[in-house]
Structure formats: structure tokens, C-alpha cells
Amino acid sequence: MNNKERKELAMWAVEFAKQKGASEVAASISNSRSVEIEVREQKIEKIKESTTNGLSLNIYRDHKYSGHSTNNLNKKDLEKFITEAVEATKYLTADEFRELPDPSLYPTNLNHDLKIEDKSYSNVAPEQRVQIAKEIEQVARAQSDKIISATGGFSDDYSESVLVHSNGLVAERASTSFWAGGEVTVKDGNARPEGYHWGGSRYFNSMPTAVELGSKAAENAIRKMGQTKIASGKYDMLIENRTAGRLLYMFVRPMSARALQQKSSYLDGMQGKEIAAPVLTVIDDPLMEGGFASRLYDGQGIAARQRTMIEKGVLKEYYVDNYYGKKLGLTPNGGSTSNIRFDLGSRGFDAIVKDINKGIFVTSFNGGNSNPTTGDFSFGVSGFLVEGGQIVKPVNEMNISGNAKEFWKQLTELGNDPYQYSSILSPTLVFKDIDFSGL
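All residue numbers refer to position in the chain's written sequence, counted from 1. Whole-chain, interface and lining totals are the exception, using all residues; otherwise, since this is a predicted model, local features are given only for residues with pLDDT of at least 70 and side-chain atom pairs are given and counted only at 80 or more. Each side-chain value is derived from all of the structure's non-hydrogen atoms; neither hydrogens nor water enter the calculation.

## With respect to the pattern of salt bridges
Selection criterion: Salt-bridge detection follows one rule: a side-chain nitrogen of Lys or Arg within 4 Å of a carboxyl oxygen of Asp or Glu. Secondary structure elements follow DSSP: runs of H or I no shorter than four residues count as helices, runs of E no shorter than two count as strands, and numbering proceeds from the N terminus. Residue burial is assigned from relative accessible area. The probe radius is 1.4 Å, only protein chains are included, and a residue is buried under 20% of its type maximum, exposed over 50%, and partly exposed in between.
Tallied over the full model, the rule gives 26 salt bridges. Between R341 and D285 there is a salt bridge, and its shortest N-O distance comes to 3.1 Å. Of the two residues, R341 is situated in strand β11 (residues 340-342) and D285 in the loop between β8 (282-284) and β9 (307-311); the sequence distance between them amounts to 56 residues. Taking the relative accessible area as the measure of exposure, R341 reaches 25% and is therefore partly exposed. Overall, D285 belongs to the buried group, its relative accessible area being 8%. Each of R223, E240 and R242 takes part in one network of salt bridges that share partners.

Structure (C-alpha cells):
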């Protein structure tokens, strides 16, 4: 079934549901194919391939709402499925805010090419996937005789979908992604430090090389050798660019309309007020070409647009979905994140480190949580001790805790090195005088 046929089936499903008594209907039909390969000691340990098809149906009946899904796309069977779905919906409790988005919120230019589909996806041969995984493992193993285990991996995904709303939206999209990387374990006395590195692209021919991926995976494991605990105290904190995205979620949940409406957000009432240091500007950019979260519309069909969420430390917008937006009397703008980018600083990582007299370079978060209602957080971290502008030694079993309201105002600098292999393009982040718990 191609997208043209999916669109026709979705439009039929919407009309059929309305004939059976639905007031409004949203139908989405999707197809996806994924491949995953893992190689160890130049032997294939795993090959996994899956293809899924499915229809999701949202039924609105006199402001009563229900969601349904099925993998059976046979029209005769769908008649029974849809009839029962519409019938069941009438027994639910009415909610005046349950309705499709206003059509004025739908995208008007569905032909904009975001460059998220590699049209030569089907030309990628199984042998190429395996060879890349083998090369990554081979490169990783060659980096040190301390390596006791290394794996190379490759995965890709192709997906296409259509979305039809009974009040006017008919849209479709297709996307591809390719990922590869390695995982390495080294022997360090009785310890077994591990490291990894993965990278990807929307296009097969622009993926990072096996040399980059394998050598970086090995480096990330080797540099952990000799990890120790250090004394508790106040340290400047550098967050590695590929790790910094974890901290961003301290903002995302509290910035949602759902959290605002349910009074579970420490950012309630803070729009237009300072919530971070002036060096922080966060931009949600769904229209970025080739981005891992690029889109013309979200799952609700609401048109995507670039938004500055935090500008020079000031909260500018919330993430407002259709349902909770209506409850709050706010115009929906999409209730989820897309590509996140930052206004960058002027210096790279090496230059930043030289100015750190006593600090911790955090390269991973090991568990922990943040409370969206209060802003309190606690994370286990590991990384490296920095003294006198030099990375001195690896450290682990440290902990940071505090409250987001104060924490983000301790941010002093952003690097000019955004991490490319994620939808969160975070640079190195630098915080002043952070409390670390260790020995």
C-alpha cells in the first residue's frame, strides 16, 4: 500500500465514522520499516528487521472522545472496527474541550521540503549495513590492547504516514534515518569502564565515517580508566555537549499546557519573567532542514513553526496542545518539542576548559530525576576533574542536587560546539559553583 492508497483509505474511514454517528474524526495510517544489525568479533550477532502498518482513529462524538488503533487494514474488517468504536464512544462522559483543532491552525504549505527523506533508501544493500558495523568494531578494537569487548552497530528506519481530519486536514509525510556506532568495554583492574559513540543522518551518504564512530567509542571508554571518587564541594561544572540535552527536560515538562492546567509546573505564571541566566536562549525549530525532529505539522495536525521558548533567560512561550490549550484559553501551538537549538557562545570546548580552575566536566548522568512541580532535582553524574585549566582524571559516583529556579541562573557560558547527532543541538554548558556530593 502506497501513501496515495493510505490517504484514500483514511478519507474513507473518516467518512464512514461520520456516517455511523461521529461528530468529528481524525484518522492516521502509517507504515514503517526498520533494520538493526550488531557485530561482535567480526561476526553478526543480531539482525532484526520489522515492518509495521496501522491505523489510528480518534473519535469525537458530541464532545465525547475515544482513541482506537488496529493493524488490520482490510476495509471489510474496518467497517466493524469503526462501527464499534463510534458506538462505544457514546457511553463516555462529555467534555466540552474535546474537539479537533480549529482548521486555521493547520499547515497551508505541505509541499515544503524539509529534506528528511532519502529517496534512495531502498538502494542500501544488506551487505553495506553489515560492512559498516564490521568496520566500526574493527576501528574500535584497534585503538587499545585494553579493550576486552567491542561491538559495531547499524540501524535505519523508513516511515511514511497520512493524517486526515474531518474538518479539512489532509496531509502526508515520509522520512528516513540512518544510525551507526560502537560500544566498547575496557579492562581497568577489577573495573570494566564502558563507552559508546553513535552518529546518524537523514541521508545514508552523509553519515559519519566508521573511523570517527569506532575511534570515538573506544576513546570514550579508555578515558574512563582510573575513575575515582573525589571530595564533596563546590565546583564549576561543564556539561558535555552530547549530554547536556538531559538537563533541558527540567524545562520541557513544566512548560507544557498539561502541567500548567494541572497545577504541576514550577513555571506557572512565569511567562515574560526570568527563569535562567541571560546567556540562555532556546529555540524550538521544527523547520530545520534535515533535522531529526523536523516536521511540517505535529501529531495533532497543528502547523509547525519556529518558536523562541526562552530568550536571554526569559520564558517566552509554553508548549500548548489542542486539548489543554482550550482548557486554559490559550491558542494551541503544538504540545511537544521538535529540534532544539541554542544561541551559541564564541568559544570551543578547549578554550573553555583553560579558564576552569576547579571544576567537574560531566559526561554522563547516571539516574536521578527532576520534579516539574517544585523544580527540585537530583542526578548522579560521572566525568572528569578539571584543575588549573587541565582535565586531570576521571571521576564517578558523584551527585548534584538543587532547584531549577536557582540552578539555571548559575549558567555562565555556552560553547560554540552544538552536538549534531540529536534533535537537541546543545553545546557545552558551563555552570558556576555547583554543589557536588562525593566522598
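From this point, the narrative continues.
## Observations regarding the packing of helix α3 (residues 126-141) against helix α4 (residues 210-222)
Put simply, the rule reads: The axes are straight lines fitted to the C-alpha atoms, using for helices just the contacting stretch, and the angles between their N-to-C directions are given from 0 to 180°. An angle below 35 degrees is read as roughly parallel, one above 145 as roughly antiparallel, one from 65 to 115 as roughly perpendicular, and any other as oblique. Here a crossing is called left-handed whenever its near helix is offset anticlockwise from the far helix by less than a right angle, and right-handed whenever the offset is clockwise. Should any heavy atoms of two residues lie within 4.5 Å, those residues are considered in contact. Note on residue categories: nonpolar means Ala, Val, Leu, Ile, Met, Phe, Trp, Tyr, Cys or Pro, charged means Asp, Glu, Lys or Arg, and polar means any other residue, Gly included.
The interhelical angle for the contact between α3 and α4, taken along N-to-C directions, is 45°, at an axis separation of 7 Å. For the element pair α3 / α4, the angle class is oblique. Between α3 and α4 lies a crossing whose hand is right-handed. Seen from α3, the contacting residues are I132, E135, I136, V139 and A140; seen from α4, they are A210, V211, L213, G214, S215 and A218. Residue composition of the contact of α3 with α4, by class: eight nonpolar, two polar and one charged.

## So, the side chain of T89
Short version of the rule: For this analysis, a polar contact is any N or O atom pair within 3.5 Å, provided that within protein one partner can donate a hydrogen and the other can accept it, and provided that sequence-adjacent residues contribute only side-chain to side-chain pairs.
Within the fold, T89 resides in helix α2 (residues 75-89). Reaching out from T89, the side chain makes a polar contact with the backbone oxygen of A85 at a distance of 2.7 Å. Those residues in contact with T89 that lie beyond four places of it in its chain are I59, R61, K64, Y65, S66 and H68.

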